[in-house]
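Given next are the chains, with one letter for each unit.
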Amino acid sequence: MTGDVEMTDDSTPKDDWVLITSADGFSFMVKRKVAMTSGTLKNMLNTESNFKEAVSNTCEMSETRGAVVEKLCEYMAYKAQYEQVPPKEDIPDFTERIPPEVALELLVAADYYEV
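This one's a predicted model, so the numbers in the text were calculated from it and none came from an experiment.

Rules used throughout
- Residues numbered from 1 in each chain as written.
- Predicted model: local features only at pLDDT ≥ 70, side-chain atom pairs only at ≥ 80, totals over all residues.
- Heavy atoms only, no water.
- 1 Å grid on protein atoms, 1.4 Å probe; cavity = no way out; pocket = protein on both sides within 12 Å on 5 of 7 lines; lining within 4 Å.
- Points joined across faces, edges and corners; volume = space filled by probe spheres on them.
- Helix = DSSP H or I, 4+ residues; strand = E, 2+ residues; numbered from the N terminus.
- Nonpolar A, V, L, I, M, F, W, Y, C, P; charged D, E, K, R; others polar.
- Salt bridge = Lys/Arg side-chain N within 4 Å of Asp/Glu carboxyl O.
- Buried < 20%, exposed > 50% of the residue type's maximum accessible area, 1.4 Å probe, protein only.
- Pairing = 2+ DSSP bridges.
- Axes fitted to C-alpha atoms, helices over the stretch in contact; angles between N-to-C directions.
- Contact = heavy atoms within 4.5 Å.

Moving on: the layout of surface pockets. Roughly 250 Å³ of volume is contained in the largest pocket. Met61, Glu63, Thr64, Tyr112 and Tyr113 are the residues nearest the centre of the largest pocket, which is lined by 14 residues in total. Sorting the residues of the lining of the largest pocket by element identifies helix H2 (39-45), strand E3 (58-61) and helix H5 (103-112) as the ones contributing at least two each. Split by residue class, the lining of the largest pocket holds seven nonpolar, three polar and four charged.

The full count for this structure, using the stated rule, is three salt bridges. Residue Arg65 pairs with Glu105 through a salt bridge whose shortest N-O separation is 2.7 Å. Linking Arg65 in the loop between E3 and helix H4 (66-82) with Glu105 in helix H5, this pair joins segments that are 40 residues apart in sequence. For Arg65, a relative accessible area of 33% translates into the label partly exposed. Close ionic contact of Glu74 with Lys71 constitutes a salt bridge, the shortest N to O distance being 3.0 Å. In this pair, Glu74 and Lys71 both sit in helix H4, three residues apart, roughly one turn of the helix. The exposure class assigned to Glu74 is partly exposed, which follows from its relative accessible area of 22%.

This brings us to the sheet that holds strand E1 (residues 17-22). Taken in spatial order, the three strands of this open sheet run E2-E1-E3, and their pairing is mixed. With partners counted over all chains shown, the strands left at the sheet margins are strand E2 (27-31) and E3, one partner each. Pairwise comparison of adjacent strand axes, ignoring direction, gives a mean angle of 25 degrees for this sheet. Bridge analysis of E1 against E2 gives five bridges, and the strand direction is antiparallel. Residue pairing across strands places Ile20 opposite Phe28, the latter belonging to E2.

Mapped onto the elements of the fold, Ser22 is located in strand E1. Looking at Ser22, the relative accessible area reads 8%, which means it is buried. Residues in contact with Ser22, not counting those within four places in the same chain, are Met61, Thr64, Arg65, Gly66 and Val69.

For the rest of this paragraph, the subject is the environment of Met61. Examined against the element boundaries, Met61 turns out to sit in strand E3. You can call Met61 buried: its relative accessible area is 1%. With 36 residues separating them along the chain, Met61 and Gly25 place their C-alpha atoms 9.8 Å apart.

Right, dumping it as structure tokens:
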């Protein structure tokens, strides 16, 4: 998962990365395939849609605070990593990573962003 949420370097094409910003000004750079695990972000980033997010590769989560956006990004990376795993393989439980103080906000945001 460490390769899915990190800053880019000059050797990586810019289109492979998406910048996600929170309401309180935090920014998270994630791989496009990770962002596409969200139905809402997938629609926003669809190149055929001509949305400003698709053109700029930037998605603003203007009503979601940074701590929640961070957990959303972490979960999208987790989901992208484990979606092709065979059913018999052990998958770590993600719920252990969720602090109780963001659980309700995270649930609402995950529903809105279709994660």
